[in-house]
Amino acid sequence: MLVFVLGLAALLGVGGRAPAAADVIPSEGRWPLTGSVRLIEGYDPPAQRWLAGHRGVDLAVHRGQAVLAAAAGRVSYAGRLAGRGVVVVDHGAVRTTYEPVEPLAAVGDEVEAGNVIGRIGSGGHCNGRCLHWGLKRGDTYLDPLLLVGAGRSVLRLLAADQRPVAERRAAKRTAEAQVAEQEVSTFAAVPSGRGGFSRPVSGGITSPFGMRFHPVLHVWKLHDGTDFGAGCGTPIRAPAPGRVASRSYNAGYGNRLMVDHEIDGRRVRTGYNHATRYVVSPGTEVRRGQLLGYVGSTGYSTGCHLHLMLWVGGRLATPMTMF
Ligand SMILES: [Zn+2]
Ligand SMILES: [Zn+2]
C-alpha cells in the first residue's frame, strides 16, 4: 500500500504556483538504459522537502554501462557533485538527472532521446550498482517513471487546467498498454517460475515486499506486499487457479479481493488492493489468467498500481516467492 497521500499534499504546497502551459511532461520519454530495465527502488517522495525520501528511481546496471538521455534536450550539468558524477539534461519544462555517471556529454550539448550521455560510475547510494534517475520541475521532484508511461502519481500534482491534457495522455497510454498486452497473446501464456504463479498485471515491480522508510511517520515500516506499476484500468488476472474468498473495501487498501489457492498441498491466499473494481464475487472459481478486476488507486494510494499480498498457511509472505 502506498501511504504517501500526505506527502503529495505537502508537495503540492511546496509547488505553490499554478504550472505554466509549458509545464507538461515530455511525452516522448524513454528509459535511460538499453535492453530490459529492472527497477530496484521506486520513487518515494518525502512528506516535507527536508525529510529523507527517495527522490527518483534506481535502475539495475553494471559498472560502465551506457546511460542515455531519456528525452531530447540540452545538457545543463556534467560534472562531479559530492563525490559522484552527475549529468542533468534540461528539457524545457522539466529536467532529468542521472547519477553516478561519468559524463561523455558536455554542458550545452543538444541531445536526442537515446543519445549516450555518459557511463555508470561510482559513488552515491547507487555506487556502480544502479542508476539513480530523477525528474524535476523547478525545485519539485517528480516520478521519472512518468516519462515512460509507468508512473501516474504526478498527474495529481498538475493544476486543474492541466489535468485534462494529462488524463488524455494517461488514457492513451493505458489503451496502448492494453493493445500491447493483447498482442502478446494472453497473460496466462507467460511462462511462470518455481511457485507456478504467472504475473497478475503486465507492469513491472515498483516497490518490493520488505522494510521501507515511511516518508510521513519517518520510521521504518513493513511494506506488506509487492507493488506492480500499471496504468489505471490495466486488467488484473489470477496468477493461479483458485476460489474467490472475499471482496471488500478498506480505507487503506481500497477495493480488496482475496483469492484462495492450493499450491503443492499448501493453503495459499493472494490479496489484491487499490483496484477500481473487481469483476468476480466470493465463491467464484477462477482459472489462471482469468480477469479479476482492473488496476486503480482506491484507498491510500498515490497513483494506479496493484499492491499484491500473499499468505502461506495463514502467514504473511513475500509474493515473489510464488513466481
Ligand atoms: Zn504496496
Ligand atoms: Zn536512488
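What you see is a predicted model, and the numbers here were worked out from it, not measured in a lab.

Rules and cut-offs
Residues numbered from 1 in each chain as written. Chains lettered and ligands numbered in written order. Predicted model: local features only at pLDDT ≥ 70, side-chain atom pairs only at ≥ 80, totals over all residues. Heavy atoms only, no water. Donors = N, O, S within 2.8 Å, 3.2 Å for Na, K, Ca; no water. Tetrahedral: all angles 85-135°; square planar, octahedral: opposite > 155°, others 65-115°. Helix = DSSP H or I, 4+ residues; strand = E, 2+ residues; numbered from the N terminus. Buried < 20%, exposed > 50% of the residue type's maximum accessible area, 1.4 Å probe, protein only. Contact = heavy atoms within 4.5 Å. Pairing = 2+ DSSP bridges. pLDDT = per-residue confidence, 0-100. Disulfide = S-S within 2.5 Å.

Participant: When you look at the coordination of the zinc ion (ligand 2) in this model, what are you seeing that I'm missing?
Facilitator: Expected angles at a metal are 109.5 degrees for tetrahedral coordination by four donors and either 90 or 180 degrees for octahedral coordination by six donors. For the zinc ion (ligand 2), the full set of protein donor atoms is His 54 (NE2), Asp 58 (OD), His 125 (NE2) and His 132 (ND1), and the range of their distances to it is 2.0 Å. Considering all four donor atoms around the zinc ion (ligand 2), angles at the metal cover 100 to 118° and the coordination shape is tetrahedral. Mapped onto the sequence, the donors of the zinc ion (ligand 2) take the spacing H-x3-D-x66-H-x6-H. Of the two residues, Asp 58 sits in strand E2 (residues 57–60) while His 132 sits in strand E10 (residues 130–137), which places them 74 residues apart along the sequence. A residue is classified by how much of its surface remains accessible, and Asp 58, at 3% relative accessible area, is buried. A relative accessible area of 9% places His 132 in the buried class.

Participant: Would you take a moment to explain the side chain of Thr 97 for this structure?
Facilitator: You can see Thr 97 is positioned in strand E6 (residues 95–99). By relative accessible area, which is 15% here, Thr 97 ends up buried. If near-sequence neighbours (up to four positions away) are discounted, Thr 97 is found in contact with Val 87, Val 88, His 132, Trp 133 and Gly 134.

Participant: In this structure, what is going on with the environment of Arg 199? I would like to understand it.
Facilitator: Topologically, Arg 199 is positioned in the loop between helix H2 (163–183) and strand E12 (205–207). Accessibility expressed as a relative area gives 30% for Arg 199, which makes it partly exposed. Along the sequence, Arg 199 and Pro 239 sit 40 residues apart, while their C-alpha atoms lie 5.8 Å from each other.

Participant: Sorry, what's going on with the sheet that holds strand E16 (residues 235–237) here?
Facilitator: What holds strands together in a sheet is hydrogen bonding between their backbones, with the strands either parallel or antiparallel. A sheet is described by the order of its strands in space; here three strands give the open sequence E16-E22-E20, paired in antiparallel fashion. Both edges of this open sheet fall to E16 and strand E20 (277–278), since each of them pairs with a single strand only. Of the strand pairs in this sheet, E16 and strand E22 (residues 291–294) are connected by three bridges, and their pairing is antiparallel. Each residue of the ladder has a partner; that of Arg 237, found in E22, is Leu 291.

Participant: Explain the confidence of the model for the protein chain to me, please; I cannot follow it from the model alone.
Facilitator: Note that predicted coordinates carrying low pLDDT should not be read in detail. Summing up the model confidence of the protein chain, the mean pLDDT is 77 and the portion of residues at 70 or higher is 72%. Confidence drops under a pLDDT of 50 for residues 1–24, and excluding neighbours within four residues, the segment shows 60 contacts in the predicted structure. pLDDT under 50 marks residues 151–193. Its contacts with residues more than four places away, or in other chains, come to 73 contacts.

Participant: What is the right way to look at the state of the cysteines in this model?
Facilitator: Put plainly, two cysteines are in a disulfide when a covalent bond ties their sulfur atoms together. In this structure the tally under the stated criterion is two disulfides. With a sulfur-sulfur separation of 1.9 Å, Cys 126 is cross-linked through a disulfide to Cys 130. Looking along the S-S bond of the Cys 126-Cys 130 disulfide, the torsion reads about -100°, which is the left-handed sense. You'll find Cys 126 and Cys 130 in the same group, each marked buried. Shown here is the disulfide that connects Cys 232 with Cys 304, its sulfur atoms set 2.1 Å apart. Here Cys 232 and Cys 304 share a disulfide; its torsion about the S-S bond, 95°, makes the bridge right-handed. Within this pair, whereas Cys 232 is found in the loop between strand E15 (226–229) and E16, its partner Cys 304 is found in the loop between E22 and strand E23 (305–312), the two being separated by 72 residues in sequence. Overall, Cys 232 belongs to the partly exposed group, its relative accessible area being 35%. Across the protein chain, the disulfide pattern expressed with sequentially numbered bonded cysteines is 1-2, 3-4.

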